[in-house]
Amino acid sequence: MALKTGEQYVESIKGLGLEAHVLGEVSGNLTDHPLVRPSINAVAKTYDCAHDEATKPLFRARSSLTGEEINRFTLLHQSTDDLITKVRLQRHCGNVTCCCFQRCVGWDAANAIFSVTYECDQAHGTNYHERFRTYWARVQTEDLVVDGAMTDPKGDRSKRPGEQADPDLFLRVVERDSDGVVVRGAKFHQTGMVNSHEILVMPTLGMREGEEDWAICFAVPTNAPGLHYIYGRQASDTRKLEGSDLDVGNPAFGSQEIMTVFDNVFVPNENIFLDGEIDQSGKLVERFAGYHRQSYGGCKVGVGDVLIGATALIARMNGVDRASHIRDKIVEMIHLNETMFSCGVACSALGHQTAAGNYEMDMLLANVCKQNVTRFPYEMARLATDIAGGLVGTLPSAKDLEGPVAGPYIRKYLAAAEGFDTIDRVKVLRLIENMTTGAGAVAYLIESMHGAGSPMAQRLVIARQADIESKIALAKRLLNID
Ligand code: SF4
């Protein structure tokens, strides 16, 4: 059924019966688990926004595969306008969830696989593109969440996949028959994995001759036999188990990262989209990374908007909002945030059509966008911490607020500027804490640094894409140098 509501989405995930290892226990009731629930709420928002009258136009689009109206999170981009709308939509989702809403990874993977399978078929006479069209039409029709899985454990990073002491440190094909393949390995940092219906697996780097078994791209449902999920910890995550929202910072929404183990998972032929074509693997990695680096110019900006708002609010509550240095620091935060957004919009506006027909962002600008994202949120977090003051790291707990002796002292001495409630001040400080040093910092800071590739990965692409020789030619022409 196309265009699910948030509630229908949660029910559909429940129906998968997924299990995960969470804090040392195997949990089978993930959608109601207090550590997991905020993250599934964030994904549910991407469904509800497609039904909210105010956001419907942004979140709905027409499928190029089926002609049906679909949730934009499954769209194969058909124009540069679609690419720009993607970034605007991601900013909106960041605004309303203040976390990673998890649904873009599969979306970006799909757009990359769509064009790479087409080019692979042209080069090798394979039929991956048709398979992928059929697969993705179902994803659109059933309005599914797809996790895009790329990052392998990599073991000793000075060694290639086949040189590792354990070849499974890069996910690979271990068996083949006429019906499909069996794969073994793991994918790390999997955003939203147990909130997803499907997984799209891609190789983690460009493969070379002799590495054909590692050049594999495929889809499996998240409840396929042989899959094991180990839930990642976040700073202060157990506050979600303490029964009080006040200490959590962002009680409604959160993110999720999972270590996913593929222990001899069978993949049928119809779900295989690359198998041994090593010359296509590097292209797939770069294209997926490019789309996701574009995404960061929307989602992290949306979260940054909330941080700027919370910082301006705490300045007011502290009675310092009119001080010129505070105002200037807020302006600096806005400048940094809008610079990232400008990069996201710019790489979308300068996108181009691929041979397969969908649209791809400008690769150089997408990498510049993500490079900025590896830095600016950290500077914004520094400025927010500066303005919020030391209480962001020393606030007493919600339980002490309820205490008969400590409670009245805390309320008396945490009093804010006139007109502001003490508890509201605590809420704002906890939100800033959450985003800069707590559970929310996983999405806002660590993900900004390493998600879609660590800073050096972007610098390599920037160096490759920038065409330095043409710039040297410009200087030489100006100076009449042969
Ligand atoms: Fe989407 Fe951003 Fe999360 Fe990636 S990091 S899945 S782009 S919200």
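Report follows, based on the coordinates. (Residues numbered from 1 in each chain as written. Predicted model: local features only at pLDDT ≥ 70, side-chain atom pairs only at ≥ 80, totals over all residues. Heavy atoms only, no water.)

Remark: helix α7 (residues 278-317) packs on helix α15 (residues 440-450), axes separated minimally by 11 Å, with the N-to-C direction vectors making an angle of 145 degrees. Judged by the sense of rotation from one axis to the other, the crossing of α7 with α15 is left-handed. In this structure, α7 uses Tyr296, Lys300, Val303, Gly304 and Leu307 to contact α15, whose residues at the interface are Ala443, Tyr444, Glu447 and Ser448. Broken down by class, the residue content of the contact of α7 with α15 amounts to five nonpolar, two polar and two charged. (Axes fitted to C-alpha atoms, helices over the stretch in contact; angles between N-to-C directions. Helix = DSSP H or I, 4+ residues; strand = E, 2+ residues; numbered from the N terminus. Left-handed = near helix turned anticlockwise from the far one by under 90°. Contact = heavy atoms within 4.5 Å. Nonpolar A, V, L, I, M, F, W, Y, C, P; charged D, E, K, R; others polar.)

The phi torsion at glutamine 102 lies on the positive side, around 70 degrees, for a residue other than glycine. As for its placement among the helices and strands, glutamine 102 is situated in the loop between α4 (80-97) and α5 (104-124). A relative accessible area of 3% places glutamine 102 in the buried class. For serine 236, which is not glycine, the phi dihedral falls at a positive 65 degrees. Position of serine 236 among the secondary structure elements: in the loop between β10 (227-231) and β11 (257-268). Relative accessible area serves as the criterion here: at 32%, serine 236 is assigned to the partly exposed category. (Buried < 20%, exposed > 50% of the residue type's maximum accessible area, 1.4 Å probe, protein only.)

Here glycine 451 is to be found in the loop between α15 and α16 (455-465). Distance in space between the C-alpha atoms of glycine 451 and asparagine 223 is 25 Å, their sequence separation being 228 residues. Leave out the neighbours within four places in its chain, and glycine 451 touches Tyr296, Lys370 and Ile446.

This next bit is on the site of the ligand. Taken together, Cys100, Phe101, Gln102, Cys104, Val105, His292, Ser295, Tyr296, Cys299, Lys300 and Glu447 are the residues near the ligand. When contributions to the shell around the ligand are tallied by element, the ones reaching two or more residues are α5 and α7. Ranked by residues supplied to the shell around the ligand, first place goes to α7 with five residues. In the shell around the ligand, the residues fall into six nonpolar, three polar and two charged. (Near = heavy atom within 4 Å.)

A separate point is the sheet that holds strand β9 (residues 216-221). Strand order in the open sheet made by the four strands is β5-β8-β9-β12, with mixed pairing throughout. Pairing within the sheet leaves two strands with one partner each, and these edge strands are β5 (146-149) and β12 (272-275). Neighbouring strand axes in the sheet, compared pairwise and without regard to direction, differ in orientation by 20 degrees on average. Here strand β8 (residues 198-201) runs beside β9; their pairing, made up of four bridges, is antiparallel. Residue pairing in the sheet places isoleucine 199 in a bridge with valine 220 of β9. (Pairing = 2+ DSSP bridges.)

Turning our attention to the pattern of salt bridges. Applying the stated rule across the entire model yields 30 salt bridges. Members of the salt-bridge network, linked through shared partners, are Glu119, Lys283, Arg287 and Glu360. (Salt bridge = Lys/Arg side-chain N within 4 Å of Asp/Glu carboxyl O.)

Quick look at the environment of isoleucine 481 now. Tracing the backbone through its elements, the reader meets isoleucine 481 in the segment after α17 (468-478). In sequence terms isoleucine 481 and valine 96 are 385 residues apart; their C-alpha atoms lie 56 Å from each other.

Attention now moves to the nonpolar core. One broad trend across soluble globular proteins is that nonpolar side chains are buried collectively. If you look at the biggest cluster of nonpolar residues, it comprises 71 residues, and the most contacted ones within it are Leu200, Phe218 and Phe262. Residues in contact with phenylalanine 218, not counting those within four places in the same chain, are Leu171, Val183, Ile199, Leu200, Val201, Phe262, Val267, Asn271, Ile272 and Phe273. (Core = buried A, V, L, I, M, F, W, Y, C linked by side-chain atoms within 4.5 Å.)

Before going further, it helps to spend a moment on α7. Here α7 spans 58 Å end to end across 40 residues, near enough to the 58 Å set by a 1.5 Å rise per residue. At tyrosine 296, α7 shows its maximal bend, which comes to roughly 30 degrees. Taken across its 40 residues, α7 has 30 buried, putting it largely inside the fold. (Expected span 1.5 Å × (residues − 1). Bend = angle between axes of the 7 residues up to and from the residue.)

Turning our attention to a nonpolar patch on the surface. A contiguous nonpolar patch, built from Val405, Tyr409 and Tyr413 and spanning about 400 Å² of accessible area, is present on the exposed surface. Turning to its location among the elements, tyrosine 409 is positioned in helix α13 (residues 406-413). The exposure class assigned to tyrosine 409 is exposed, which follows from its relative accessible area of 52%. (Patch = residues over 30% accessible without salt bridge, like charges linked within 9 Å, V, L, I, M, F, W, Y side chains within 5 Å. Areas by Shrake-Rupley, 256 points an atom, 1.4 Å probe, with all protein chains shown as cover.)

Before going further, it helps to examine the packing of helix α1 (residues 6-14) against helix α2 (residues 37-48). Where α1 meets α2, the closest approach of the two axes is 8 Å, and the angle between their N-to-C directions is 130 degrees. Judged by the angle between their axes, α1 and α2 are oblique. Seen along the crossing, α1 lies across α2 with a hand that is right-handed. Across the interface between the two elements, Gly6, Tyr9, Val10 and Ile13 of α1 pack against Arg37, Ile40, Val43, Ala44, Tyr47 and Asp48 of α2. Looking at the contact of α1 with α2 residue by residue, the class counts come to seven nonpolar, one polar and two charged. (Parallel < 35°, antiparallel > 145°, perpendicular 65-115°, else oblique.)

Where empty space is left becomes clear once a probe the size of a water molecule has been rolled over the atoms. A volume near 170 Å³ is recorded for the second largest pocket. Every residue lining the second largest pocket is listed: Asp245, Leu246, Gly249, Asn250, Pro251, Lys427, Arg430 and Leu431. (1 Å grid on protein atoms, 1.4 Å probe; cavity = no way out; pocket = protein on both sides within 12 Å on 5 of 7 lines; lining within 4 Å. Points joined across faces, edges and corners; volume = space filled by probe spheres on them.)

Further remarks concern a negative patch on the surface. A contiguous patch of negative charge on the surface is contributed by Glu175, Asp177, Asp179 and Glu270. Position of aspartate 177 relative to the elements: it lies in strand β6 (residues 172-177). The exposure class assigned to aspartate 177 is partly exposed, which follows from its relative accessible area of 47%. (Lys, Arg positive; Asp, Glu negative; His and termini not counted. Charge placed at Lys NZ, Arg CZ, Asp CG, Glu CD.)

Now for the pairing of β10. In the case of a regular strand, side chains alternate between the two sheet surfaces. Burial along β10 is one-sided: the face carrying Leu227, Tyr229 and Tyr231 is buried and the face carrying His228 and Ile230 is not. In this sheet, β11 lies alongside β10 in antiparallel orientation, the contact comprising five bridges. The residue bridging leucine 227 from the neighbouring strand is phenylalanine 262, located in β11.

In this section: the packing of aromatic side chains. Two descriptors summarise a pair of aromatic rings, namely the distance from one centre to the other and the angle between the planes of the rings. One pass over the structure, following the stated rule, counts ten aromatic pairs. Relative to tyrosine 47, the ring of tyrosine 9 lies with its centre 4.7 Å away and its plane at 10 degrees, an arrangement referred to as stacked. Here tyrosine 9, found in helix α1, pairs with tyrosine 47, found in helix α2; they are 38 residues apart in sequence, far enough to count as distant. A single burial state applies to tyrosine 9 and to tyrosine 47, both of which are buried. The interplanar angle of 45 degrees and the centroid separation of 5.6 Å between the aromatic rings of tyrosine 135 and phenylalanine 273 together place this pair among those described as tilted. On the criterion of sequence distance, the pair formed by tyrosine 135 in helix α6 (residues 128-142) and phenylalanine 273 in strand β12 is long-range, its members being 138 residues apart. Each member of the pair, tyrosine 135 as well as phenylalanine 273, is classed as buried. Ring-pair connections join several aromatic residues into one group, and the members of that group are Phe59, Phe73, Phe101 and Trp107. The ring of phenylalanine 341 has arginine 91 lying over it, and the distance from NZ or CZ to the ring centre is 4.5 Å. (Phe/Tyr/Trp six-rings, centres within 6.5 Å; stacked < 30°, edge-to-face > 60°. Lys NZ or Arg CZ within 6 Å of the ring centre and 35° of its normal.)

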